[in-house]
Amino acid sequence: MFKKVSCAFSLMASLSFSLLALPSAGEIDAQENIAKKVPQAKKVLDKWQAQDAVEGKRVLHVVYWSPADRSPQAGYRQRLSDIMLDIQGFYGGQMKRLGFGELSINLDLEEDELLKIHLVSGSKPYSYYDGASGSELRKDCVKVLAKEGIDANKETILIFCNMSNWDKESRKINQNSPYYAYGFHAGGTAWQVDSAILELDQLANKAGFVRDGQYGRISMGKYNSIFIGGIAHELGHALGLPHNKACPWEAKDFGVALMGSGNRAYGSDLRGEGKGAFLSLAHGMRLASHPMFSGSIKGIRSQVKFEVSDVKFQDREKAFTYTASLKSEIPAHAVIGYIDPLGGSNYDASAIVAVPDKEGRFTLNCNVLTPGKAAELRIVPLFANGDASSHSSWSNRDIVYPFNVKRDGRVDIAEVQTVMAIEPLLVAFRSRDHLEVKRLSEILAKSKNKKLQDLSKNLLKEGFDYSSPEAVTRDVEEVALSACKPSAAKVGWLEPSYNRVPSRDLILKAGGKIYSHGLFAHAPAEHVYKLAKDWSKLTGFCGVADSARGTVVFIIKGDGKELWRSRRMKAPAIAKYSVDLSGVSELSLEVQDAGDGNRSDWGLWLEPILQR
């Protein structure tokens, strides 16, 4: 048995460097890549699923929800049946192309071979609901499904929301509907919108223009590509697929990745407007073990415990390789490396695939890099029961390495070295293994790397060195602000914390860089310090945590007067400040929500230092 859910690293994990050339993106043969890796993965899957097999047919449950003052759109059952059968064929055809056989979603069909659709009516009129009403809508659907013996929390459900408005005379359409999804191998939910003009037969129509409230003037075919493709895309999320764009060699041969912007390309090939959407190898690997696709429900409720060790990075010319060993309770048939440039959500993440050998050793060739960009490499093992470490970029179980790509394409993996060295301490800290924390912190304290020394010391620090900045003796020329207790502090989520973030990440990371000390300041936040006019300057950096997607504004005030203000900021941007504090008695650091709400507004004051 393996005790840790997350990965375990050795402090002695090695980093080696060479100038061995990897194939460029254009030199990789997509078909050859598939032909090599899929049979290896299938062998692992087939062997595990055949031993003490537990078969079970999982189906997609389709719900049609309407506000209290609306009836379902005309012809909804035939239209949605046609669309869902086409999407079933899309997934099946893509899995077959990848070499897994024609595995796909299972639809619940009635005797007339049309979809079984569960009708649900909301308790309030159309005007009450909007795009943020997904949770409330789902509660209505859960109640109806429960009466029919379906536990929506243990199944995959697709909710069509009757929240569109079509004006036939002006040919204008708009929608005010929830349109998103979440899920994993054992269940999930996707919200979609139905409309009177959502029709499979219209995909090939290059004319019949409509004016959509979001997309403007588009052909009827383009409208249906966007919204039928949107069903396929959001369903992917409900099945556990994150966003990713096509790797160059995939795009050349196959088109636009479904989980990138492929929702807008679905069926575009019917109009001669490109190659259409496709399913990437990475996501085919994920679906191959999904219980709905595989027909195996063996271990469906198990969250696999695993360990990653013997990690090695090799620096290559404008690329690098990641090699490691994976051990797990349930075998892994693949490992995905998501290479994600910071600042573009995860839509621009490229996904590369490796298949572990019999000893669990695998290598990811990381050669899909964006020059001049900070980035992350996320390691996601895929297990034979369908479990993956995550479907999202902010999962508690993702293994994440920050790195930077210089403008000339060369890779700077200095931050990777820091993460590899500090991770064992983080694992022990999260597990509250006090003896291991003490042992590892003593090792890091002797490191020649001052950043590691400071990181470990500050991470484990309890309390403050000084009761306030005015209590610091005059012989101290400069002091970290996080070493001083504020006279007042408040944050917009959880509690104020210092030198760490209140999440599994723990370390302060922004702009692809790790900082050794600072303040967690989720908007709206304010930290106030008494200075007694004893300090002349405040220097440091600020930014939004790399794992967050919020937008904030940082403000520094002295005695109530604004001294410095950042621009509107989001990850991975970093701002530098140097503020004159001459004659200031009270310092205030504020973080505001930039006017768009404070969801995911993880503001960080990074290495703020007071100087005499």
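Residues numbered from 1 in each chain as written. Predicted model: local features only at pLDDT ≥ 70, side-chain atom pairs only at ≥ 80, totals over all residues. Heavy atoms only, no water.

Caption draft 1: Highlighting the pattern of salt bridges. Within the structure shown, the criterion is met by 19 salt bridges. As a salt-bridge pair, Lys438 and Glu442 come within 2.8 Å of each other at their nearest N and O atoms. Of this pair, Lys438 and Glu442 both sit in helix H9 (residues 434-445), 4 residues apart, which is roughly one turn of the helix. Residues Glu562 and Arg565 are paired through a salt bridge, measuring 3.0 Å at the closest nitrogen-oxygen approach. The partly exposed category is assigned to Glu562, whose relative accessible area is 37%. (Salt bridge = Lys/Arg side-chain N within 4 Å of Asp/Glu carboxyl O. Helix = DSSP H or I, 4+ residues; strand = E, 2+ residues; numbered from the N terminus. Buried < 20%, exposed > 50% of the residue type's maximum accessible area, 1.4 Å probe, protein only.)

Caption draft 2: Structural context of empty space enclosed by the protein. Scanning the model with the defined rule gives 3 cavities of 30 Å³ or more in all. Considering the residues around the largest cavity, the lining is formed by 16 residues, among which Asn33, Trp249, Glu250, Leu281 and Ala351 are closest to the centre. When residues of the lining of the largest cavity are traced back to their parent elements, those giving at least two are helix H1 (30-50), helix H2 (76-98), helix H5 (248-254), helix H6 (281-288) and strand S16 (350-354). In terms of residue class, the lining of the largest cavity is made up of 12 nonpolar, 2 polar and 2 charged. Counted as a void, the second largest cavity has a volume near 60 Å³. Around the second largest cavity sit Val501, Asp505, Ile507, Leu508, Lys509, Ala545, Asp546, Ser547 and Leu604, which together line it. For the lining of the second largest cavity, the residue count by class is 5 nonpolar, 1 polar and 3 charged. (1 Å grid on protein atoms, 1.4 Å probe; cavity = no way out; pocket = protein on both sides within 12 Å on 5 of 7 lines; lining within 4 Å. Points joined across faces, edges and corners; volume = space filled by probe spheres on them. Nonpolar A, V, L, I, M, F, W, Y, C, P; charged D, E, K, R; others polar.)

Caption draft 3: Focus on the sheet that holds strand S19 (residues 399-405). The strand order across the open sheet formed by 5 strands is S16-S15-S18-S19-S20, and the pairing between neighbours is antiparallel. Both outer strands of the open sheet, S16 and strand S20 (411-412), are each paired with one neighbouring strand and no more. Sheet topology note: the strand S18 (residues 374-383)/S19 ladder contains 6 bridges and is antiparallel. Along S19, the bridge assignment pairs Ile379 with Ile399. Helix-sheet contacts for H6 involve strand S15 (332-341), S16 and S18, and the interaxial angle to S15 is about 140 degrees. (Pairing = 2+ DSSP bridges. Contact = heavy atoms within 4.5 Å. Axes fitted to C-alpha atoms, helices over the stretch in contact; angles between N-to-C directions.)

Caption draft 4: Examining the nonpolar core more closely. Of all hydrophobic cores here, the largest spans 120 residues; its most connected members are Met84, Ile87, Tyr322, Tyr401 and Phe403. Beyond its immediate chain neighbours, meaning those up to four positions away, Tyr322 contacts Val308, Val311, Lys312, Phe313, Phe362, Thr363, Leu364, Leu377, Ile379 and Tyr401. One finds Val472, Leu508, Ala548 and Tyr577 within the second-largest nonpolar core, a separate group that totals 44 residues. (Core = buried A, V, L, I, M, F, W, Y, C linked by side-chain atoms within 4.5 Å.)

Caption draft 5: Spatial organisation of the packing of H2 against H6. Look at H2 against H6: their axes get within 10 Å of each other, and the N-to-C directions meet at 105 degrees. The angle between the axes of H2 and H6 places the two elements in the roughly perpendicular class. Note on element contacts: H6 touches H2 through Leu281, Gly284, Leu287 and Ala288, opposite Tyr91, Met95 and Leu98. Here the residues of the contact of H2 with H6 are counted per class, giving 6 nonpolar, 1 polar and no charged. (Parallel < 35°, antiparallel > 145°, perpendicular 65-115°, else oblique.)

Caption draft 6: Inspection of the packing of aromatic side chains at higher detail. Across all of its chains, the model carries 26 aromatic pairs by this definition. Taken together, a centroid distance of 5.3 Å and an interplanar angle of 55 degrees make the contact between Phe90 and Tyr266 tilted. Placement of the pair is Phe90 in helix H2 and Tyr266 in the loop between strand S11 (256-257) and strand S12 (277-278), with a sequence separation of 176 residues. Classification of Tyr266 as buried rests on a relative accessible area of 4%. Within the aromatic cluster, the residues linked to one another by ring pairs are Phe313, Phe320, Tyr322, Phe362, Tyr401 and Phe403. (Phe/Tyr/Trp six-rings, centres within 6.5 Å; stacked < 30°, edge-to-face > 60°.)

Caption draft 7: View of the sheet that holds strand S8 (residues 187-193). Taken in spatial order, the 5 strands of this open sheet run S3-S2-S4-S8-S7, and their pairing is mixed. Looking at strand neighbours, the two that pair on one side only are strand S3 (117-121) and strand S7 (181-184), the edges of this open sheet. In this sheet, adjacent strand axes meet at a mean angle of 25 degrees when their direction is disregarded. As judged from the 5 bridges shared by strand S2 (residues 60-66) and S3, these two strands associate in the parallel manner. Its bridge partner being in S3, Val63 is matched across the sheet by His118. Here H2 sits on the sheet in contact with S2, S3 and strand S4 (156-161), set at roughly 130 degrees to S3. Packed on one face of the sheet, helix H4 (residues 220-238) meets S2, S4, S7 and S8 and runs near 160 degrees to S8.

Geometric descriptors of this kind do not, in isolation, establish any biological role.
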